[in-house]
Amino acid sequence: MARTLLVTGGAGFIGSCFVLQARERGERVINLDKLTYAGNPDNLASLAQDPDHILVQGDIGNAELVNWLLRQYRPDAVVNFAAESHVDRSILDPEAFVRTNVLGTSTLLRVVKNWWQNLDEPAKSSFRFLHVSTDEVYGALKPGDPAFCETTPYSPNSPYSASKAASDHLVRAFHETYGLPTLITNCSNNYGPRQFPEKLIPLTIINARNNRSIPVYGTGSNIRDWLHVEDHCAAIALVLEKGRVGESYNIGGHSARTNLEVVQSICEILQQEEPSPTMYADLILFVTDRPGHDFRYAIDCSKIERELGWKPAHTFATGLVDTVLWYLANDAWVENVCSGAYLDWVDRNYGHRG
Ligand code: NAD
Ligand code: TYD
């Protein structure tokens, strides 16, 4: 029988990509998603008639519901994407991040652990709990610092990264204390189709196309490493299949760029694809910096490359072109997400930045 996965947060940007790939592999997916502003069933429109994708609207912090799903569907693994994921929102409302990322993950772990403890062999030893995390838990690097590796001490700076760090610690503790077969992945910034336009790359594409200013925080010199979402999801599948229990794996794209370089590249691609009489790059506006803005992230992903043979399929250059083309070709998706609630966010986050 095909493997069954309980995927949480599978209607979001990365989770939906993972669900689509899992269905291509023939795995049955139970998708538990609260459908917050970031969860979008349109991301899974191609699975609307698929009996092996079951979307359940609910919270990872709802113990009764999680317990029922485990008993009903008996998953071979849980893959936890569910989270509040945007740093700027965490600055304006940290508690929402504690609720889902810390308390929600804690409840999910407890309920899964109680269910897992009563499984018979071989299901018990082959079961996996994979927790999807971020490189932001490691904190910020200075210009010449070595890249983050799996043993770099955690030093989170934003409420978002602090809440993700806390959830990683809980996952680790459930392995050490109860023997739950856990895996953790820590990935750099993702980009690709279906990313909510609060994040830098889709925000830039959509603002530029609408002749609106492109807000760059500070001087645009902060550095991020970028990985295509499909490569991230392929890495997660590989860790799930072959990763050593109790371990964490860094995932990265070998594509470090300043924010200004990223924004300028998008403007160049747009100029090529949809030439504008005024240059898109003229829309770049340097605005008040994000408080506590991490200067640089860089990730050493040699462990997953060496141990599991993973390597990304996309380069940043081609992946970025493909991403811009996806947004140009999907006006209906863009219009749907850029609705009332999104406009409120734009006002809250950018209204005071000038
Ligand atoms: P996203 O915000 O697009 O999606 C999050 C999903 O989780 C949404 O569908 C939302 O409805 C759901 N959700 C939120 N709270 C929930 C709850 N309490 N119960 C059930 N579902 C809930 O985020 P994303 O960018 O797809 O990120 C997914 C995961 O990957 C997160 O854990 C994030 O920390 C991690 N991550 C993201 C990146 C990135 O660059 N986006 C990089 C590394 C790691
Ligand atoms: P973001 O996409 O929010 O991801 P993260 O904060 O998780 O890295 O931001 C990526 C980088 O882009 C980050 O350094 C902040 C910067 N940024 C801007 O300059 N302007 C913006 O409007 C946004 C949303 C982000």
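Rules and cut-offs
- Residues numbered from 1 in each chain as written.
- Chains lettered and ligands numbered in written order.
- Predicted model: local features only at pLDDT ≥ 70, side-chain atom pairs only at ≥ 80, totals over all residues.
- Heavy atoms only, no water.
- Helix = DSSP H or I, 4+ residues; strand = E, 2+ residues; numbered from the N terminus.
- Rg over C-alpha atoms; globule rule 2.2 N^0.38 Å.
- Areas by Shrake-Rupley, 256 points an atom, 1.4 Å probe, with all protein chains shown as cover.
- Lys, Arg positive; Asp, Glu negative; His and termini not counted.
- Charge placed at Lys NZ, Arg CZ, Asp CG, Glu CD.
- Contact = heavy atoms within 4.5 Å.
- Near = heavy atom within 4 Å.
- Polar contact = N/O pair within 3.5 Å; in protein donor to acceptor, adjacent residues only side chain to side chain.
- Nonpolar A, V, L, I, M, F, W, Y, C, P; charged D, E, K, R; others polar.
- Pairing = 2+ DSSP bridges.
- Axes fitted to C-alpha atoms, helices over the stretch in contact; angles between N-to-C directions.
- Core = buried A, V, L, I, M, F, W, Y, C linked by side-chain atoms within 4.5 Å.
- Buried < 20%, exposed > 50% of the residue type's maximum accessible area, 1.4 Å probe, protein only.
- Salt bridge = Lys/Arg side-chain N within 4 Å of Asp/Glu carboxyl O.
- Right-handed = clockwise from strand over helix to strand, strands pointing away.

Caption draft 1: Summary view of the overall build of the protein. Tallying secondary structure elements over the protein gives 13 helices and 12 strands in all. For 354 residues, the compact-globule estimate of 2.2 N^0.38 gives 20 Å, and the protein sits close to it at 20 Å. Along the longest, intermediate and shortest principal axes, the C-alpha atoms of the protein span 65 × 45 × 40 Å. When the accessible surface of the protein is totalled, it reaches about 15,000 Å², and 51% of it is carbon and sulfur. Within the protein, the 42 negative side-chain charges are centred at a point lying 6 Å from the centre of the 31 positive side-chain charges.

Caption draft 2: Focus on the environment of Val171. By the secondary structure assignment, Val171 is in helix 6 (residues 159-178). Apart from residues no more than four positions distant in its own chain, Val171 is found in contact with Thr105, Leu109, Phe129, His131, Thr182 and Ile184.

Caption draft 3: Region of interest: the site of ligand 2. In the vicinity of ligand 2 lie 17 residues, with Glu136, Tyr217, Arg290, His293 and Tyr350 positioned nearest. Arg224 is positioned such that a nitrogen or oxygen atom in its side chain is 2.8 Å from an oxygen atom of ligand 2. At a separation of 2.8 Å, an oxygen atom of ligand 2 approaches a polar side-chain atom of Asn259. For ligand 2, whose free accessible area comes to 510 Å², the fraction covered by protein is 98%. Per element, the largest residue contribution to the shell around ligand 2 is three residues, and it comes from strand 8 (residues 214-217). In terms of residue class, the shell around ligand 2 is built from seven nonpolar, four polar and six charged.

Caption draft 4: Here's a closer look at the sheet that holds strand 11 (residues 256-258). Here three strands make up an open sheet; going across it, the order is 7-9-11 and the pairing mixed. Of all strands in the sheet, those bounded by a partner on one side alone are strand 7 (189-191) and strand 11. Taking the axes of each pair of neighbouring strands and ignoring which way they run, one obtains an average angle of 50° across the sheet. One ladder, built from three bridges, connects strand 7 with strand 9 (residues 223-228); its direction is parallel. Bridge pairing links Tyr191 to His228 in strand 9.

Caption draft 5: Quick look at the nonpolar core. Counting 35 residues, the largest nonpolar core has Phe18, Val79, Phe81, Leu130, Ile304 and Trp310 as the members making the most contacts within it. Among the elements that take part in this core, helix 8 (residues 229-242) stands out by supplying eight residues, more than any other. With near-sequence residues (within four places) excluded, Leu130 lies in contact with Val78, Val79, Asn80, Leu183, Thr185, Ile236, Val239 and Leu240.

Caption draft 6: Representation of unusual backbone geometry in the model. For the peptide bond that leads from Glu121 to Pro122, omega is 5°, which places it in the cis range. In this structure, Arg74 is a non-glycine residue whose phi angle is positive, near 45°. Topologically, Arg74 is positioned in the loop between helix 2 (63-73) and strand 4 (77-80).

Caption draft 7: Structural context of the side chain of Arg128. Secondary-structure assignment places Arg128 in strand 5 (residues 128-134). Glu121 is the oppositely charged side chain nearest to the buried, salt-bridge-free Arg128, at an N-O distance of 9.0 Å. Only 3.0 Å separates the side chain of Arg128 from the backbone oxygen of Ser125, close enough to count as a polar contact. One polar contact links the side chain of Arg128 to the main-chain carbonyl oxygen of Ser126, over a distance of 3.5 Å. With residues up to four places along the chain from it excluded, the contact list for Arg128 reads Asp76, Ala77, Val78, Pro181, Leu183, Leu240 and Val245.

Caption draft 8: View of the pairing of strand 1 (residues 4-8). Counted residue by residue, strand 1 has five buried out of five residues, so it is predominantly covered. Here strand 1 shows two buried faces, one formed by Thr4, Leu6 and Thr8 and the other by Leu5 and Val7. Both strand 1 and strand 2 (residues 28-33) contribute to a ladder of five bridges, which runs parallel. Counterpart to Val7 in the pairing with strand 2 is Asn31. You can see the chain leave strand 1, run along helix 1 (residues 13-24) and come back into strand 2, and the turn it takes is right-handed. Judged from the four bridges that link them, strand 1 and strand 4 form a sheet pairing that is parallel. Looking at the pairing, Val7 lines up with Val79 of strand 4.

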